[in-house]
Amino acid sequence: MPRPVLLIHGGAGDITDARIAGKFKGIKEALRAAWQHLDGYGDADAGSDSALDAVEAAVRSMELDEAFNAGYGACLNTDQEVEMEASLMEGRHLRAGCVTLLRDVMHPITVARRLMEKQRHVFIGGPPAQQLALSTGSERLPPGALITESARQALREFEQQQAAGKDTTFARTELDAAQNRTDPNGDTVGAVAMDRHGHIVVGTSTGGITGKWPGRIGDTPLLGCGTYADDSVGGCSTTGHGETIMRYNLAQRILAAIQHKGLSAQAAAEQECQLMTQRIGGTGGAIVVDHNGELGISFTSSRMAWGYVKDGIIHYGIEHNELLQEPFLAAPQP
Ligand SMILES: NC(=O)C[C@H](N)C(=O)O
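Everything in this summary refers to the structure shown in the same document. These numbers were taken from a predicted model, which means no experiment stands behind them.

1. A word on a nonpolar patch on the surface
Alright, step 1. Judged by side-chain polarity, V122, F123, I217 and L223 come together as a nonpolar surface patch covering roughly 290 Å² of accessible area.
Alright, step 2. A relative accessible area of 36% means that F123 is categorised as partly exposed.

Pasting the structure below:
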């Protein structure tokens, strides 16, 4: 019987030093919030939805945390508004729920789950996505409630760059470190879990990229780009420059490299992230769990926050070739 696995990311990009501590804190909190669903702690029998529950819990934790570009703290479009996207997929029956252009609700990943579990469509966007959220239990937040000062600052910097005639093609995920500016923009979040029955679930949630056009849709809600899960191969969540990732079909290519080329999860993630950047120019990253529970973590951006739980230890990092560790120390159960 496979051992449960939970691997998460908190976004790829040119994350500045000042934001690393917040990312690590958020990654560890998300792992602690979610792991109990997989190891049977809070769940009497770690039931059939344990991977789904774990992924939703991890992503919800990061959606609440302004250190990340999802939910509260999501980045702003050129109209100074938040439009969020998320996708969720399970690898047993290949069911999925995807939402885009979603406004004024806290947890896009939960809306994606409700769509997957209870509705007859897979992908819904704009006001009907919000309608679905509100009619299935989400609270409507006052306009602007998801906007942080950091997100406003990121948009101001983006606008200054545009006014100065700089190339903003790659938006916030690409420009900061090179130009030595602050990076007030958090990043996309994602989670891949495998339960003890070998069922894999993947979820990804984002505000997109700062300075995007209203109505812009990125890679995150697209199956095969931001998210894919298939129990017979593995699961993958990606992050980075969406226009690049969707043109390359990054998640699907990584899983195809595992399935058809026999690569390990790590080798497949490395190979495809690198080939994508060599070929198209934008950068990104991916987390992967293959059907044996082996992990892959790779990125061509300067940094990507990630973490996983194994043998009672939280493993995490943000730099290339970095592996930090900390005891899991689960919160006491009631
Ligand atoms: N930071 C990110 O991962 C952004 C996301 N991939 C997008 O382009 O919408």
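2. Overview of the pairing of strand β12 (residues 313–317)
Alright, step 1. Among the five residues that make up β12, four are buried, leaving the element largely enclosed by the rest of the structure.
Alright, step 2. Sheet topology note: the strand β11 (residues 303–310)/β12 ladder contains five bridges and is antiparallel. Pairing of W306 across the sheet is with G317, part of β12.
Alright, step 3. Hairpin remark: β11 followed by β12, antiparallel, with two residues in the connecting loop; positive phi at D311, about 50°.
Alright, step 4. Sheet analysis places β12 next to strand β13 (residues 324–327), joined by four bridges and oriented antiparallel. When the bridges of β13 are listed, Y316 appears paired with L324.
Alright, step 5. In this structure, the hairpin formed by β12 and β13 is closed by a connection of six residues, where N321 is found at a positive phi of approximately 55°.

3. Points about the side chain of E83
Alright, step 1. One can find E83 in the loop between α2 (50–63) and β2 (84–90).
Alright, step 2. A distance of 2.9 Å separates a polar atom in the side chain of E83 from the backbone nitrogen of G215.
Alright, step 3. For E83, the contacting residues outside a window of four places in its chain are N77, L101, L102, R103, G207, K212, W213, P214 and G215.

Reading the values: the criteria
- Residues numbered from 1 in each chain as written.
- Predicted model: local features only at pLDDT ≥ 70, side-chain atom pairs only at ≥ 80, totals over all residues.
- Heavy atoms only, no water.
- Patch = residues over 30% accessible without salt bridge, like charges linked within 9 Å, V, L, I, M, F, W, Y side chains within 5 Å.
- Areas by Shrake-Rupley, 256 points an atom, 1.4 Å probe, with all protein chains shown as cover.
- Salt bridge = Lys/Arg side-chain N within 4 Å of Asp/Glu carboxyl O.
- Buried < 20%, exposed > 50% of the residue type's maximum accessible area, 1.4 Å probe, protein only.
- Helix = DSSP H or I, 4+ residues; strand = E, 2+ residues; numbered from the N terminus.
- Pairing = 2+ DSSP bridges.
- Polar contact = N/O pair within 3.5 Å; in protein donor to acceptor, adjacent residues only side chain to side chain.
- Contact = heavy atoms within 4.5 Å.

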